Structure formats: C-alpha cells, structure tokens
Amino acid sequence: MVWSLDNCDVDVENKLGVVRPATELYSEEAVEALKTGKVIAVPTDTLYGFACDACSLEAINRIYEIKGRKHTSPLAICVGDASDIKQFAVTDHLPHGLLDSLLPGPVTVVLRRGESSALEKSLNPGLDSVGVRVPDCNFIRVIAHGLGRAVALTSANLSGQPSSVCIKDFEALWEHCAYVYDGGVLPSGRAGSTVVDLSRLGKYKILRPGSAKEETVTILEKHSLVEEVTTN
C-alpha cells in the first residue's frame with residue numbers, strides 16, 4: 001500500500017528542518033543518524049515509532065527520556081527480515097516456515113534471547129526475552145538492513161498517551177529527534193501490532209490483541225501451535 005504524504009497536514013518546512021519524506025532516498029541519512037547514536041521517528045505498518053541503534057545505551061536512554069517511560073518497560077527490536085531474528089533470539093523450537101508466514105507484518109513476536117544473542121545486555125536488562133518486529137514497511141526495513149544491527153523501536157508518543165498514526169500527532173516531540181520521516185496517515189488505526197509470546201515449544205500466548213489477532217491466530221494454529229492457557 002502506498003501512503004499518501006498529503007494526508008497529514010503538517011508544515012514540512014518546520015523551523016528545525018527535521019521532517020523528511022519516508023522514502024529510500026533518505027534511508028542512508030537515517031542509517032547514519034542511528035550509527036551516531038541519534039533517535040529518529042519512522043512510520044511502520046501500524047504506528048509511528050521512535051527508533052535508535054539497539055546497541056547504543058545512550059540512544060536507548062534518550063528514547064526513555066523522550067517518552068517519559070519507566071526503564072522497567074521493555075523496548076522491542078526491529079530487523080530487516082524474518083531470517084535475521086535468529087541472530088538476536090532463540091528460534092530453533094519454532095515450526096518451519098512460521099516466522100516467514102507471520103512476517104513481515106503487524107506482529108511482534110516475543111522470544112527468548114538466549115546466550116548467543118547479539119543484543120547488548122544493556123537492552124532491557126534483567127529480561128530473558130525480547131519482542132521482535134519485521135514491519136511490512138520498506139523504509140524501516142531498509143534502515144535495519146543498512147544499520148546491520150537491531151533497531152530498538154517503540155511507539156512515538158508520550159508514555160500513556162494515544163499512539164501516533166500521523167507525524168502531527170507527536171509534533172511536540174519532534175525537537176527531540178534527529179529526523180522525523182513522514183509516511184502520511186497510517187491506515188491501521190491506533191491498535192498497534194499484535195504481540196504474541198512464542199518462547200515455549202508448541203505454545204503461543206497473545207499478550208496484546210493489536211491490529212491482527214485473528215490473522216495471527218489462524219497462522220499459529222495452522223502451524224499446530226496451541227494457545228497457552230493461564231491458570232490461577
């Protein structure tokens with residue numbers, strides 16, 4: 001789907017000059033910003049997000065500051081392709097083809113990091129799991145490929161406030177970003193991605209229904225996964 005850049009009524013000639021169209025023409029600039037520890041705002045296939053190099057503790061702390069978010073709330077990561085996930089999380093126990101069926105798409109898969117994860121220990125310290133996204137959005141995937149490392153990704157809003165489907169929604173936070181990449185109004189509403197825990201063999205657990213629960217469950221059950229039932 002092509003997102004119209006005309007749908008968001010924003011003065012792109014803003015005083016900071018940070019707004020750019022979310023096109024591959026600007027992807028190299030975005031990658032360089034991440035490599036130097038900057039935070040950028042990007043469209044995904046669900047919501048706008050703040051992104052930074054997941055290996056930069058300084059940049060990660062900056063995202064928490066911008067959002068006013070507690071450090072106990074973990075950040076997800078974004079990678080370019082489903083095949084990249086195994087560098088950062090344990091995938092050996094998953095049915096063949098499952099990740100390729102779910103991703104790219106509006107789904108966050110939660111997996112164990114494992115001892116061989118390439119993730120920095122400073123990302124979500126104390127947690128042995130990580131949420132991973134491969135959005136169905138070329139711009140952020142090209143950035144992830146260009147960075148060559150995981151991109152830390154979280155919604156572009158103040159913690160506890162409504163999510164952003166247009167850059168105008170978080171205009172008050174532009175000043176904290178090196179660049180804001182405009183992909184127009186995103187079509188999925190404000191539900192965000194469907195978050196599913198796939199860390200246990202043969203099981204799945206929906207942690208957040210999000211925008212694609214039904215489709216996600218259909219794919220999971222097609223691959224013979226069974227819903228994990230929480231017992232009191």
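Residues numbered from 1 in each chain as written. Predicted model: local features only at pLDDT ≥ 70, side-chain atom pairs only at ≥ 80, totals over all residues. Heavy atoms only, no water.

Novice: Outline the side chain of N157, listing residues and values.
Specialist: Here N157 is to be found in the loop between strand 7 (151-155) and strand 8 (179-182). Polar side-chain contacts of N157 include one of 2.8 Å to the side chain of K67. Within polar-contact distance, the side chain of N157 engages the backbone oxygen of P162 at 3.5 Å. In contact with N157, not counting residues within four places along its chain, are F50, K67, P162, S163, S164 and L173. (Helix = DSSP H or I, 4+ residues; strand = E, 2+ residues; numbered from the N terminus. Polar contact = N/O pair within 3.5 Å; in protein donor to acceptor, adjacent residues only side chain to side chain. Contact = heavy atoms within 4.5 Å.)

Novice: Lay out the packing of aromatic side chains with the relevant residues and their values.
Specialist: Taken as a whole and judged by the stated rule, the model has four aromatic pairs. Judged by centre distance (5.0 Å) and plane angle (55 degrees), the ring pair of F139 and Y181 falls under tilted. Of this pair, F139 sits in helix 4 (residues 138-147) while Y181 is found in strand 8, placing the two residues 42 residues apart along the sequence. Here F139 falls in the buried class, since its relative accessible area comes to 4%. (Phe/Tyr/Trp six-rings, centres within 6.5 Å; stacked < 30°, edge-to-face > 60°. Buried < 20%, exposed > 50% of the residue type's maximum accessible area, 1.4 Å probe, protein only.)

Novice: So, the environment of A178: which residues are in play, and what are the values?
Specialist: Structurally, A178 is set in the loop between strand 7 and strand 8. The spacing of A178 and C166 is twelve residues in sequence and 18 Å in space, taken between C-alpha atoms. Sequence-distant contacts of A178, defined by excluding residues within four places in its chain, comprise V18, A33, K38, V39 and I40.

Novice: Let's hear about the sheet that holds strand 7: which residues, and what values?
Specialist: The sheet built from eleven strands is open, its strands ordered 1-8-2-3-7-4-6-5-9-10-11 with mixed pairing. This sheet does not close on itself; its edge strands, each paired only once, are strand 1 (19-21) and strand 11 (226-227). As paired elements, strand 1 and strand 8 share three bridges and run parallel to each other. Note on strand 8: the bridge partner recorded for P21 is D182. Docked against the sheet, helix 2 (residues 57-67) engages strand 3 (48-53) and strand 7, running at close to 150 degrees with respect to strand 3. (Pairing = 2+ DSSP bridges. Axes fitted to C-alpha atoms, helices over the stretch in contact; angles between N-to-C directions.)

Novice: Describe in detail the side chain of S56, supporting the description with residues and values.
Specialist: With respect to the element layout, S56 can be found in the loop between strand 3 and helix 2. On the basis of relative accessible area, S56 is assigned to the buried category, the value being 15%. A distance of 3.1 Å separates the side chain of S56 from the backbone nitrogen of A59, its partner in a polar contact.

Novice: Go over the UniProt feature "domain: YrdC-like" (unreviewed entry) in the protein with me, naming the residues and quoting the values.
Specialist: According to UniProt, the feature "domain: YrdC-like" (unreviewed entry) maps to residues 24-212 in the numbering used here. Span residues 24-212 is 19% helix and 23% strand, its end C-alpha atoms 27 Å apart. (UniProt positions renumbered as here; feature names shortened; annotations may be inferred.)

Novice: So what's going on with unusual backbone geometry? Which residues, and what values?
Specialist: The step from L103 to P104 runs through a cis peptide bond, and the omega angle for that step is 0 degrees. Structurally, P104 can be placed in the loop between helix 3 (98-102) and strand 5 (107-112). Despite not being glycine, N124 shows a phi value in the positive range, around 50 degrees. Within the secondary structure, N124 sits in the loop between strand 5 and strand 6 (129-133). For N124, a relative accessible area of 5% puts it in the buried group.

Novice: With reference to specific residues and values, describe helix 1 (residues 27-35).
Specialist: An α-helical turn contains 3.6 residues, so any two residues separated by three or four positions project in the same direction. Within the span of helix 1, buried status applies to S27, A30, V31, A33 and L34. On an axial view of helix 1, the arc spanned by its buried residues comes to 160 degrees, and they lie on one face. Where helix 1 is buried, its residues meet strand 2 (40-43), strand 3, helix 4, strand 7 and strand 8. (Arc of directions from axis to C-beta.)

Novice: Requested: an account of the pairing of strand 8, with residues and values cited.
Specialist: As paired elements, strand 2 and strand 8 share two bridges and run parallel to each other. Of the residues in strand 8, the one forming a bridge with I40 is Y179.

Novice: Give me the nonpolar core: which residues, what numbers.
Specialist: Among the nonpolar cores identified, the biggest contains 52 residues, and F50, I85, V109, F170 and L198 are the most heavily contacted of them. Counting residues per element, the ones that place at least two in this core are strand 3, helix 2, helix 3, strand 5, strand 6, strand 10 (203-208) and helix 5 (213-222). By residue number, the principal contributor to this core is helix 2, which donates five residues. With residues up to four places along the chain from it excluded, the contact list for V109 reads I85, L99, L102, L103, V130, G131, V132, V196 and L198. With 17 residues, the next largest nonpolar core counts A30, C137, A144 and L147 among its residues. (Core = buried A, V, L, I, M, F, W, Y, C linked by side-chain atoms within 4.5 Å.)

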